[in-house]
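The primary structure of each chain is shown beneath.
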Amino acid sequence: MTERNDPCWCGSGLKWKKCHYPAQPQDAKKLEHDYKKQYGILIKTPEQIEGIRSACKLAASILQETCKMAKAGITTNQLNDFAQQLHKKAGAIAAPLGYGEPPYPKSICTSLNDVICHGIPDDKPLVEGDIVNIDVTPILNGYYGDCSAMVEIGNVSEEKHRVVEVSKECLRRAIEILKPGLLLCDIGKVIEDYALQHGCSVVDQFVGHGVGVDFHEPPQVPHHYNTLKIPLVEGMTFTIEPMINAGVRDGIIDPVDQWTTRTADGKPSAQWEHTILITKTGHEILTLL
Ligand code: MF3
Ligand code: CO
Ligand code: CO
């Protein structure tokens, strides 16, 4: 934890309390400039926040509708096509489609059971006992919203139910503490503490991320123990998306499709994701309806 009397992170040579300390009256323009220069972080303007807010509302609504469709007998390709239609109806584009290298082939991610993330929709029907993460990221008027949730298909094993609940609670606890002045490393601390207490591991190979004007912006938001002493400031928008495993934390990327990432030991994994705005006094979850 940085103390008030420590040197400021910005390199000014001043004490933190005399410089970028959250309680200090700040020159907003200077802060914006410093965050971009020091960390590559884009502090959003009120106009950008409005755009991101709309994209996030749409993300939440597409996610909710698509989760309702997830039942035994439905294929993940059907979920993908349904979500794709909702993007189109809203005048939005699905950010995943064609993203990265090799280009991601579908509009959403559907990650089942031992898949940690980036599962690709296919023609296999969901079956009773599956757990599935659905992750949607629409681009609306140039702005991005990113969220994901788990669905349990019928009755699932105790182990699967546990990762679903633990990952949800990890996200809730991490969001609860967010406010200006909190350090980025405090997020991973809350998440990994809770996961370990409940016999689960935290994936360290993928992280949350700045989002809004681009799909993946700085900063990286680790869910595991880390030492990133970046203070949160008003106008930051980023995701928290803890991937929690029942067994080992390690994931293996499918060598053929180069996206699907499975747990190394084949045990279940679960993830929930929100896009968050840091406000003057705390935070706002943007991907809520
Ligand atoms: N939506 C994912 C995230 O939370 C990223 C998916 S990248 C894709 O960051 F290409 F696989 F879609
Ligand atoms: Co994300
Ligand atoms: Co996502």
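These numbers come from a predicted model, not from an experiment.

As a further point, take the pairing of strand β7 (residues 147-152). Counting buried positions along β7 gives five out of six residues, so the element sits mostly inside the fold. With six bridges joining them, strand β4 (residues 131-136) and β7 adopt antiparallel strand pairing. Its bridge partner being in β7, isoleucine 134 is matched across the sheet by alanine 149.

Let's shift gears to the packing of helix α2 (residues 46-69) against helix α3 (residues 76-89). With their axes 10 Å apart at the nearest point, α2 and α3 run at an angle of 150° to one another. By the angle between their axes, α2 is roughly antiparallel relative to α3. For the crossing formed where α2 meets α3, the hand is right-handed. In this structure, α2 contributes Ile62, Glu65, Thr66 and Met69 to the contact, and α3 contributes Leu79, Phe82, Ala83, Leu86 and His87. Partitioning the contact of α2 with α3 into residue classes produces six nonpolar, two polar and one charged.

With that out of the way, let us pick up the site of ligand 1. Near ligand 1 you find 13 residues, and of these Pro96, Tyr99, Tyr104, His118 and Asp135 are the closest. Partitioned by chemical class, the residues of the shell around ligand 1 number five nonpolar, four polar and four charged.

Right, let's get into α2. Taking 1.5 Å per residue as the helical rise, α2 with its 24 residues ought to reach 34 Å, and the 35 Å between its terminal C-alpha atoms agrees with that figure. Taken together, the buried positions of α2 are occupied by Ile52, Ala55, Cys56, Leu58, Ala59, Ala60, Ile62, Leu63 and Thr66.

So, on to α3. Here α3 spans 20 Å end to end across 14 residues, near enough to the 20 Å set by a 1.5 Å rise per residue. Restricting attention to buried positions, one finds in α3 the residues Thr76, Leu79, Asn80, Ala83 and His87. Seen end-on, α3 carries its buried residues on one side only, within an arc spanning 100°. Among the exposed residues of α3, those pointing more than 90 degrees away from its buried face are Lys88 and Lys89. Buried residues in α3 make contact with α2, β1 (93-94), β2 (109-112), β4 and β5 (138-140). Of the residues trailing α3, glycine 91 is marked for its positive phi of about 75°.

This paragraph deals with the environment of proline 268. Relative to the helices and strands, proline 268 is located in the loop between β14 (261-263) and β15 (269-271). Remark: the alpha-carbon pair of proline 268 and glycine 247, spanning 21 residues in sequence, is separated by 7.5 Å. Here proline 268 is in contact with Asn113, Asp114, Ile131, Glu159, Lys160, Val163 and Ala246, once residues within four sequence places are set aside.

On the basis of which strands lie adjacent, the open sheet formed by three strands has the order β8-β12-β15 and antiparallel pairing. The sheet terminates laterally at β8 (201-202) and β15, the two strands that pair on one side only.

Before going further, it helps to spend a moment on the nonpolar core. A general feature of soluble globular proteins is that nonpolar side chains tend to end up buried together. Counting residues in each nonpolar core, the largest one holds 70 residues, and the members touching the most others are Ala59, Val132, Ile134 and Ile244. Per element, the largest residue contribution to this core is eight residues, and it comes from α2. In contact with alanine 59, other than residues within four places in its own chain, are Val136, Thr137, Pro138, Gly145, Asp146, Cys147 and Thr287.

Residue glutamate 101 is joined to proline 102 through a cis peptide bond whose omega torsion reads -5°. Residue placement: proline 102 occurs in the loop between β1 and β2. In this chain, proline 218 is followed by proline 219 through a cis amide linkage whose omega measures 0°. Mapped onto the fold, proline 219 is located in strand β10 (residues 217-221). The backbone of histidine 118 shows a phi angle near 60°, a positive value even though the residue is not glycine. Considering the arrangement of structural elements, one finds histidine 118 in the loop between β3 (115-117) and β4. Judged by C-beta crowding, with 22 C-beta atoms within 10 Å, histidine 118 ranks as buried. Positive phi outside glycine occurs at glutamine 258, with the angle close to 60°. Following the sequence through the fold, glutamine 258 ends up in the loop between β13 (251-253) and β14. Taking the C-beta count within 10 Å as the criterion, glutamine 258 has 13 such neighbours and is therefore assigned partly exposed.

About the thresholds
- Residues numbered from 1 in each chain as written.
- Chains lettered and ligands numbered in written order.
- Predicted model: local features only at pLDDT ≥ 70, side-chain atom pairs only at ≥ 80, totals over all residues.
- Buried ≥ 20, exposed ≤ 12 C-beta atoms within 10 Å, placed from the backbone.
- Helix = DSSP H or I, 4+ residues; strand = E, 2+ residues; numbered from the N terminus.
- Pairing = 2+ DSSP bridges.
- Axes fitted to C-alpha atoms, helices over the stretch in contact; angles between N-to-C directions.
- Parallel < 35°, antiparallel > 145°, perpendicular 65-115°, else oblique.
- Left-handed = near helix turned anticlockwise from the far one by under 90°.
- Contact = placed C-beta atoms within 7 Å.
- Nonpolar A, V, L, I, M, F, W, Y, C, P; charged D, E, K, R; others polar.
- Near = placed C-beta within 6 Å.
- Expected span 1.5 Å × (residues − 1).
- Arc of directions from axis to C-beta.
- Core = buried A, V, L, I, M, F, W, Y, C linked by C-beta atoms within 7 Å.

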